[in-house]
Amino acid sequence: MAKDTTIKAAEITTTAERALPRLVARPGWRIGKKARENIGKGIVIFILAMGAIVIMIPLYWQISTSLKSIPDILKYPPKWIPYPPLWKNYMDAVTQLRFLLYLKNTLLITLLTLIGVVLSSSLVAYGFARLRAPGLNLLFLVVLSTMMLPYQVTLIPTYILFGKLGWVNTFKPLIVPAFFGGGAFNIFLLRQFFMTIPLEYDDAARIDGCDFFGIYWRILLPLSAPALATVAIFHIMWSWNDFMGPLIYLHSMDKWTLSLALQQFNAMYARKPNLLMASSLLMTIPLILMFFFAQRLFIQGVVITGVKG
Amino acid sequence: MISRSPFMGMSRARRREALFAYLFISPWLLGFIIWEVGPMIASLVLSLTKYNITSPPIFVGLANYKRAFTEDPLFWHSLKVTATYAAFAIPLGLILGFTVALLLNFDIPGVSIWRTVYYLPSVISGVAVAILWQFIFQPQFGILNTLLKMMGLKGPEWLYSTTWVLPAFIIMSLWGIGGGMVIYLAGLQGIPTALYESAQIDGANWWQQLWKITLPMMTPTIFFNLVMGLIGTFQIFTSAYVMTQGGPMYASLFYNLYLYNNAFVFFEMGYASMLAWALLAIILILTLLTIKSSAAWVYYEGELRRR
């Protein structure tokens, strides 16, 4: 059976060769290596472009829906370009969602936790990267292993604890923990970065009379700006999008974050997709802008931490 | 006894350094005790109780575990939903993310623009993305069914159909392949070019280079993404909560959503704690299995000498 097919295949090739004129052998007709490479690149670009269109359709559709009237949304065949664009939808979304209040809450939580995360994770990372003490390496292994811990295991007792402290329905449960280490990933990322800074800097600073804190504050922090920025960007992204934390802890409407308000808006305004699309775009625009301005840091950070992307 | 202390025999400077080391890591150490170790023990204890927050917990032994394994069909169902989703979303995401990374690794013009486009969806996540996809899957005027209609096909009810709700979640997950793609891209760029050069001298074509060099060299990265994908699937919450609330007919009741419902909707804190510990056990077992199996297919450069 197998033999048969091989023979057949061989026959086919010979017939094909016979059928084709000897063009291939003529030097003028041979496709050059360079040309072949260009064709290959052309195919790659074509596939990438098709994929990019598929990726971008949802975003384009979101923008166009946000600028349409309800009858236009329901039209078939669809109107691809909203005309006239209803910029008023954005005004309506801002007022009906109380966007500015929730933006203020989200910004407050994001900024305060940002300070906590950057300060405490860099302090801890400095301890692990630069100082020697018995048991420190073991503790660093513990830091790494907590990355694997699913947050659900600590969720309920933590909720009960904050309840006992009377912190439920305040921002405190969302903010205070950020000052205690700032997350295993960030500690890991910063420690790795600190280790790449030559120890000679520390020695020089010590000779000039710097103590441990001085080395951290005046030498390592300024030299680690890119790594700190990466940590900051990922934290902003995470905090901005966080949903479960606010959902569990923030009960009264005037304390909600954008995520929470948007979800509530979604449940109430299912019949107004244009306003919903406008408000979810308003919520994501700051992140998209941040991404465009700090693209390099983003991709670097994903590569270092590997996971958060 | 004191003479056994590692601090004895250290110079004054070293002792001072050790003291400062602990001082610097103390924020983490405190947080670790307050928000990791303490709650972990507490939730293990709570998993043995019936507790609704308002009245004190009642010790019930292993009743919660027994209930989950023998009496609660939703426990098994939510595991099945999560596993089914994982069985499709993880391999598909892996193949697509890897393919895009391979394509982006060619020397083509505008690489950074392509990279941006493919990574962009990973920047926006959470509620906004869930709302967007909820409308993409809207059966009457959503873009997906509109496009299908233009091709002469009648699209399914997606989020309103018990059959199509999980495929919808899987399709949505593929929109975010950019995160994995960047990691693969970094891995690809870490492969020494000398390997390819010598293969080309031996006359290996692109396909052979892919199978004999690229894939073996990429197995550690693939392994890493696989483990993280497994853990991530069990954390799915926001999209399910926003888009379907687990419906229709529990068809998208992801494990994490079921846990949340038990804790914060039914206030069954004891049962929910048990679910959390069961989750920890599942993740540990899956991770260990993946690590065990990795010996067969993950290639580390250090092994070269042993072969």
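Structure's up top.
Residues numbered from 1 in each chain as written. Chains lettered and ligands numbered in written order. Predicted model: local features only at pLDDT ≥ 70, side-chain atom pairs only at ≥ 80, totals over all residues.

Novice: What is the right way to look at the overall build of chain B in this model?
Specialist: Secondary structure assignment for chain B yields 13 helices and 2 strands. Against the compact-globule benchmark of 19 Å for 307 residues, chain B has a radius of gyration of 25 Å, which places it well outside the compact range. For chain B, the C-alpha atoms occupy an extent of roughly 70 × 65 × 35 Å along the three principal directions. Here chain B holds 307 residues, and 36% of them are scored as buried. Sequence-distant contacts in chain B: of pairs separated by 6 or more residues, those separated by 24 or more amount to 66%. (Helix = DSSP H or I, 4+ residues; strand = E, 2+ residues; numbered from the N terminus. Rg over C-alpha atoms; globule rule 2.2 N^0.38 Å. Buried ≥ 20, exposed ≤ 12 C-beta atoms within 10 Å, placed from the backbone. Contact = placed C-beta atoms within 7 Å.)

Novice: Got a minute to help me understand the interface of chain A and chain B in this structure?
Specialist: As a measure of interface size, the accessible area lost when the parts come together is often cited. Taken together, the contact between chain A and chain B spans 73 residues of the former and 73 residues of the latter. For the side of chain A that touches chain B, the per-class residue count stands at 53 nonpolar, 18 polar and 2 charged. (Nonpolar A, V, L, I, M, F, W, Y, C, P; charged D, E, K, R; others polar.)

Novice: Quick question: what am I supposed to make of the packing of helix H3 (residues 73–104) of chain B against helix H7 (residues 165–174) of chain B here?
Specialist: Relative placement of two packed helices is described by the angle separating their axes and the distance separating the axes. Residue and element names in this part refer to chain B. Contact pair H3 / H7: the axes reach a minimum separation of 9 Å and the direction vectors enclose 30°. In terms of their interaxial angle, H3 and H7 are classed as roughly parallel. Along this stretch, H3 crosses H7, giving a crossing that reads as right-handed. Facing H3, whose interface residues are Val81, Thr84, Tyr85, Phe88, Ala89, Leu92, Gly93 and Leu96, H7 presents Leu166, Phe169, Ile170, Ser173 and Leu174. Classifying every residue of the contact of H3 with H7 by side-chain character gives 10 nonpolar, 3 polar and no charged. (Axes fitted to C-alpha atoms, helices over the stretch in contact; angles between N-to-C directions. Parallel < 35°, antiparallel > 145°, perpendicular 65-115°, else oblique. Left-handed = near helix turned anticlockwise from the far one by under 90°.)

Novice: How do you make sense of unusual backbone geometry when you look at a structure like this?
Specialist: Peptide bonds are trans in most cases, and residues, glycine excluded, mostly fall at negative phi. Cis geometry marks the peptide bond from A:Tyr83 to A:Pro84; its omega dihedral reads -5°. Of note, A:Pro84 is situated in the loop between helix H3 (70–74) and helix H4 (88–96). The omega torsion of the bond from B:Gly247 to B:Pro248 falls at -10°, within 30 degrees of zero and hence cis. Turning to its location among the elements, B:Pro248 is positioned in the loop between helix H11 (238–243) and helix H12 (255–265). Positive phi values are uncommon outside glycine, yet B:Trp158 reaches one of about 45°. Note that B:Trp158 resides in the loop between helix H6 (143–150) and H7. Classification of B:Trp158 by C-beta neighbours within 10 Å gives buried; the count is 24.

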